[in-house]
Amino acid sequence: MSEGYYNSKKTDDTCDDICGQQGTPAALSMSRLRCILRGLDFKTYIFLFVVVPVGIFGLYLHGQKISYFLRPLWESPPEPFHEIPHYYHENVSMESLCKLHGWGIRESPRRVFDAVLFSNEIDILTIRWKEMHPYVTEYVLLESNSTFTGFVKPLLFASNRDKFKFVESRLTYGVTGGRFKRKENPFIEEAYQRVALDQLLRIAGIEDDDLLIMSDVDEIPSAHTINLLRWCDDIPPILHLQLRNYLYSFEFFLDNKSWRASVHRYQTGKTRYAHYRQADVLLSDAGWHCSFCFRHISEFIFKMKAYSHYDRVRFPHYLNPDRIQDVICKGSDLFDMLPEEYTFKEIIGKLGPIPHSYSAVHLPAYLLNNAERFRYLLPGNCRRESG
């Protein structure tokens with residue numbers, strides 16, 4: 001090379017002079033690595049061997065939280081529902097109530113079919129069926145020997161059927177076999193079971209213009225809501241129900257944003273049982289949604305592993321019974337997730353545990369009439385049995 005010029009490219013000879021003599025390819029590679037590391041300053045060492053690993057570990061632990069917090073940047077909120085005001089008082093006639101909603105009144109009430117997929121919510125199912133008992137024509141329940149996630153599940157309703165003698169004369173019960181595909185998307189198994197529920201409804205004898213309630217067991221329409229809809233004429237063909245959202249018990253009121261429950265005027269060949277948005281009309285304050293409202297810690301663990309969002313159980317310690325009990329009494333999130341909202345304002349507003357509520361006003365009548373039996377669902381009783 002001509003004198004006065006500098007070549008910045010390091011050759012093997014240069015590295016040998018600095019880091020050692022030439023040898024095997026492995027030794028030469030190590031020699032080159034030592035050359036590179038000797039050229040780094042202390043701050044770069046800290047960045048490479050402390051900041052980068054800690055950042056990667058932090059993303060592993062909290063990547064889901066970061067994704068949920070940034071949700072407003074990558075997902076727009078759905079179109080708002082057209083919300084129908086809900087009028088009710090026990091001393092107001094049905095004709096007046098229908099008129100307040102802009103509907104007429106029928107000469108006789110429609111038949112009502114309440115159809116559910118059942119997993120393990122024995123107590124909540126009891127409260128649900130007792131609440132609507134005066135107005136439901138036929139109860140339709142489908143049970144599977146498989147969870148949505150492909151685990152074997154005992155037929156819990158079958159083994160507890162004697163507790164539901166009060167509906168036996170109006171019950172259509174069916175069992176469907178699971179496909180036990182453990183690595184499949186759980187929503188596929190859930191969809192198969194909902195198709196089977198469609199078939200069971202036909203066996204139950206549902207006909208055109210009958211009312212069909214589509215909701216999960218823990219989404220409980222109020223009795224007066226069902227009575228209103230069976231008596232009023234000209235109600236929408238599909239009507240979603242706004243339910244008061246509770247978590248763990250009726251002590252932790254979350255919000256009024258539960259909307260997946262719906263009531264349909266059945267149409268042969270057109271109505272399909274589903275649990276997603278099917279219309280743009282929402283009836284305000286129409287019942288209760290009590291999610292993860294169980295008596296036993298073992299039931300919490302079962303549902304966490306069995307339902308369609310099992311991917312939220314990111315770490316084994318989430319299923320620790322002591323942790324679950326602590327989370328329940330604090331009103332925190334079982335899966336350590338951020339609120340599922342569409343604006344930063346709503347996300348920040350819901351950060352932290354749910355505030356305790358000590359109101360037991362406007363709850364299902366059977367719950368309050370049997371308060372001692374269901375004390376764990378009422379304010380001030382967060383301790384659970386192990387099970």
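Each chain has its residues counted from 1, following the order in which its sequence is written. Reporting of local features is limited, given that this is a predicted model, to residues whose pLDDT is at least 70; pairs of side-chain atoms are given and counted only at 80 or more, and all residues count toward the totals for whole chains, interfaces and linings. Side-chain numbers come from the whole structure's heavy atoms, not from hydrogens or water.

Draft legend 1. Quick look at the sheet that holds strand β1 (residues 82–84). On the basis of which strands lie adjacent, the open sheet formed by eight strands has the order β1-β13-β9-β12-β6-β3-β4-β5 and mixed pairing. Each edge of the open sheet carries a strand with a single partner, namely β1 and β5 (171–176). With strand direction ignored, the average angle separating the axes of adjacent strands in the sheet is 25°. A strand pair is defined by DSSP finding two or more bridges across the two strands. Note on conventions: DSSP H or I runs of at least 4 residues are helices, E runs of at least 2 residues are strands, and numbering of each starts at the N terminus. Pairing between strand β4 (residues 138–144) and β5: six bridges, direction parallel. Interaxial angle, 0 to 180 degrees, is taken between N-to-C directions of lines fitted to C-alpha atoms, where a helix line uses only the stretch in contact.

Draft legend 2. Highlighting the packing of aromatic side chains. Two aromatic rings, drawn from Phe, Tyr or Trp (for Trp, its six-membered ring), form a pair once their centres lie within 6.5 Å of each other, and the interplanar angle then sorts them: stacked below 30 degrees, edge-to-face above 60, tilted otherwise. One pass over the full model with this rule turns up 18 aromatic pairs. For the ring pair F118 and F157, a centre distance of 6.0 Å and an interplane angle of 70° mean the geometry is edge-to-face. With F118 in strand β3 (residues 112–118) and F157 in helix α7 (residues 156–159), this pair connects stretches of sequence that are 39 residues apart. In terms of burial, F118 and F157 fall into one category: buried. Summarising the aromatic geometry, the rings of F157 and Y173 are spaced 5.2 Å apart at their centres and angled 40° between planes, so their arrangement reads as tilted. Pair noted here: F157 is in helix α7 and Y173 is in strand β5, with a separation of 16 residues, a long-range link. The rule for a charge over a ring is simple: NZ of Lys or CZ of Arg within 6 Å of the ring centre, and within 35 degrees of the ring normal. If you follow R71 out to its NZ or CZ, it ends over the ring of Y342, 4.2 Å from the centre. Per-residue accessibility, obtained with a 1.4 Å probe over protein chains only, is compared with the maximum for each type, and a residue is labelled buried under 20%, exposed over 50%, and partly exposed between these values.

Draft legend 3. Up close: the pairing of strand β10 (residues 243–247). Counting buried positions along β10 gives four out of five residues, so the element sits mostly inside the fold. Alignment of β10 against strand β11 (residues 253–258), held across three bridges, turns out to be antiparallel. Note that in β11 the partner of L243 across the bridge is S258. Between β10 and β11, which follow one another and run antiparallel, lie five residues, and Y248 among them has a positive phi close to 75°. In the sheet, β10 pairs with strand β14 (residues 287–291) via four bridges, with the strands oriented parallel.

Draft legend 4. A look at the sheet that holds β10. Spatial strand order, β7-β14-β10-β11: four strands in an open sheet with mixed pairing. If you trace the sheet from one side to the other, it starts and ends with β7 (219–221) and β11, each paired once. Across the sheet, the mean angle separating the axes of adjacent strands is 25° when strand polarity is ignored. Sitting on the sheet, helix α6 (residues 122–132) is in contact with β7 and β14, with an inclination near 15° to β7. Residue contacts are counted whenever heavy atoms from the two residues lie within 4.5 Å of one another.

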